[in-house]
Number of protein chains: 2
Amino acid sequence: MDLEIIVQGAQAESKPELKLWLRLLSTTKLISHEIRRRLRAEYGATLPQFDLLAQLYRERDGLRLGELSRRTMVTNGNVTGLVERLEADGLVVRETPDGDRRVTVAKLTPKGEEFFAGMAAAHEGWLRDMMADVSPELIQSMLREVGLLKISARNHLSGAEEE
Amino acid sequence: MDLEIIVQGAQAESKPELKLWLRLLSTTKLISHEIRRRLRAEYGATLPQFDLLAQLYRERDGLRLGELSRRTMVTNGNVTGLVERLEADGLVVRETPDGDRRVTVAKLTPKGEEFFAGMAAAHEGWLRDMMADVSPELIQSMLREVGLLKISARNHLSGAEEE
DNA sequence: CCGAAATGCTTTAAATGTCAAAGGTCGGCG
DNA sequence: CGCCGACCTTTGACATTTAAAGCATTTCGG
């Protein structure tokens, strides 16, 4: 039934980092699956598409594909395909600025803005619903603590990542 | 640079659930990417393969594919291909028990056990390293809180899921 | 200016992921 | 005995993902 319950078992008492990681991962998967299912059922959209549109919704002048890639933590090649599909759906347009013809900028169409606005409202409601049994204090507490974890992880990456 | 920093912006003050979700998601992605990269670089393995082997490592008698599917949160059809590749690598064997020929049980080979044991030790070390700046108290606290969040999310799924 | 290096995007191959439908197999009921 | 329904896995069609290779364009040193 539950990944972490089974993965632990015998030597569960120690290894708190591993335990926390498994719990984080399974919780995130659980919520992601639910959001993915609802996005698909109610809007015919995928989670990566939602993420990408969210970025563009906040930057009305559009974003370069490389920038989109970094912000969504999706690889370059993937952004290409995602934007292609969204463009085919009429939610996004691609433009090449005059200054640098290597660059492609994606931006929302009016249709895309309207479409995303509806999804975003529903998305927020789903999250409030799924977190309904968690007190506001606990949410604030987790927000802070997960922030610290994220900083720690970022400071211990193997790839050359400075700040 | 950072998904959540950008996604928030203007109306960031409210919507704590959304904010927490974005932070959870980006943190999990960050750690996943790092683990995936190291697994690939040092062991030539993928994250789903690691997950699947981890389940089998804890159940030396093997697991039915359907059970593997539930534990790894991966669909049935996907487990088939995953196990096929691992079998081709000699890490896993498939057997059909005498009692019920509908069933396929996957279990680790000695080679698979040895291989996974090495990966698991490294994996645990990577996690300790990435969480090095987080105090043990905070880890315990997050463990508890994320557990509560998971329960809340599970109780508010749209799919018919009782307990 | 020229050519090498860097930059930005796209393409490719292999793996993973979903979903739905098809294939065997088992169990029970008439 | 024989069939129907339930159970388990595989298959098939596609969408998504990553890493790496491939193109085109720009930048910079000489």
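Residues numbered from 1 in each chain as written. Chains lettered and ligands numbered in written order. Predicted model: local features only at pLDDT ≥ 70, side-chain atom pairs only at ≥ 80, totals over all residues. Heavy atoms only, no water.

Chain A goes by DNA-binding MarR family transcriptional regulator in an unreviewed UniProt entry, where it is assigned to Gellertiella hungarica.

K.L.:
Sorry, what's going on with the overall build of chain A here?
P.N.:
Scanning chain A from terminus to terminus reveals seven helices and three strands. Traced from its N-terminal end to its C-terminal end, chain A shows the element sequence α-α-α-β-α-α-β-β-α-α. The buried share among the 163 residues of chain A stands at 50%. Relative to all contacts within chain A whose residues are 6 or more apart in sequence, the contacts with residues 24 or more apart total 46%. Counting only carbon and sulfur atoms, one obtains 50% of the accessible surface of chain A, whose full area is about 8200 Å². (Helix = DSSP H or I, 4+ residues; strand = E, 2+ residues; numbered from the N terminus. Buried < 20%, exposed > 50% of the residue type's maximum accessible area, 1.4 Å probe, protein only. Contact = heavy atoms within 4.5 Å. Areas by Shrake-Rupley, 256 points an atom, 1.4 Å probe, with all protein chains shown as cover.)

K.L.:
Sorry if this is basic, but what is going on with the relation of the copies chain A and chain B here?
P.N.:
Put simply, the two copies of the chain differ by a rotation about an axis and a shift along that axis. Taken as rigid bodies, chain A and chain B are interconverted by a rotation of 179° and an axial shift of 0.1 Å, the fit giving an RMSD of 0.3 Å. The two molecules are tied by a two-fold rotation axis, judged by turn and shift. Taking the C-alpha atom as reference, chain A places Met142 of chain A closest to the rotation axis, 3.4 Å from it. Counting the interface residues of chain A, we find that 100% of their copies in chain B are interface residues as well, pointing to one common contact surface. (Least-squares fit on C-alpha atoms with pLDDT ≥ 70 in both.)

K.L.:
Is there a simple way to explain the protein's contact with DNA strand C in this structure?
P.N.:
As a matter of local geometry, DNA strand C sits amid 24 residues, with Arg64 and Thr80 of chain A together with Thr46, Thr75 and Arg85 of chain B nearest to it. For DNA strand C, the backbone makes up 77% of the atoms found within 4 Å of the protein, where backbone means sugar plus phosphate. Take Gly66 of chain A: an N or O atom from its main chain is 2.8 Å from a phosphate oxygen of DNA strand C. Note that a phosphate oxygen of DNA strand C is positioned 2.8 Å from one of the side-chain N or O atoms of Thr75 of chain B. Those elements that place two or more of their residues in the surface near DNA strand C are α4 (65-72) and α5 (76-88) of chain A together with α3 (47-58) and α5 (76-88) of chain B. (Near = heavy atom within 4 Å. Polar contact = N/O pair within 3.5 Å; in protein donor to acceptor, adjacent residues only side chain to side chain.)

K.L.:
I'm lost on the protein's contact with DNA strand D in this one. Help?
P.N.:
Neighbouring residues of DNA strand D: 22 residues in total, closest Pro48 and Arg85 of chain A together with Arg64, Leu65 and Gly66 of chain B. Counting only atoms of DNA strand D within 4 Å of the protein, the fraction found in sugar and phosphate groups is 82%. One of the side-chain nitrogen or oxygen atoms of Arg102 of chain A is found 3.5 Å away from a sugar or linking oxygen of DNA strand D. Contacts to DNA strand D include Thr104 of chain B, whose backbone N or O atom sits 3.2 Å from a phosphate oxygen. Elements represented by at least two residues in the surface near DNA strand D include exactly α3 (47-58) and α5 of chain A together with α2 (16-43), α4 (65-72) and α5 of chain B. Tallying contributions element by element places α5 of chain B first for the surface near DNA strand D, with four residues.

K.L.:
Could you clarify how one ought to interpret the pattern of salt bridges in this entry?
P.N.:
Any two side chains of opposite charge can pair, given that their charged atoms come close. Residue and element names in this part refer to chain A. Taken as a whole, this structure holds 24 salt bridges over all chains when the rule is applied. As a salt-bridge pair, Glu34 and Arg38 come within 2.7 Å of each other at their nearest N and O atoms. Here Arg38 and Glu34 lie together in helix α2 (residues 16-43), a separation of four residues that amounts to about one turn. The exposure class assigned to Glu34 is buried, which follows from its relative accessible area of 0%. Salt-bridge contacts for Arg94 lead to Glu87; the nearest nitrogen and oxygen are separated by 2.9 Å. Overall, Arg94 belongs to the partly exposed group, its relative accessible area being 31%. For Glu87, a relative accessible area of 28% gives the class partly exposed. Through salt bridges with shared partners, a single ionic network connects Glu59, Glu67, Arg70 and Arg71. (Salt bridge = Lys/Arg side-chain N within 4 Å of Asp/Glu carboxyl O.)

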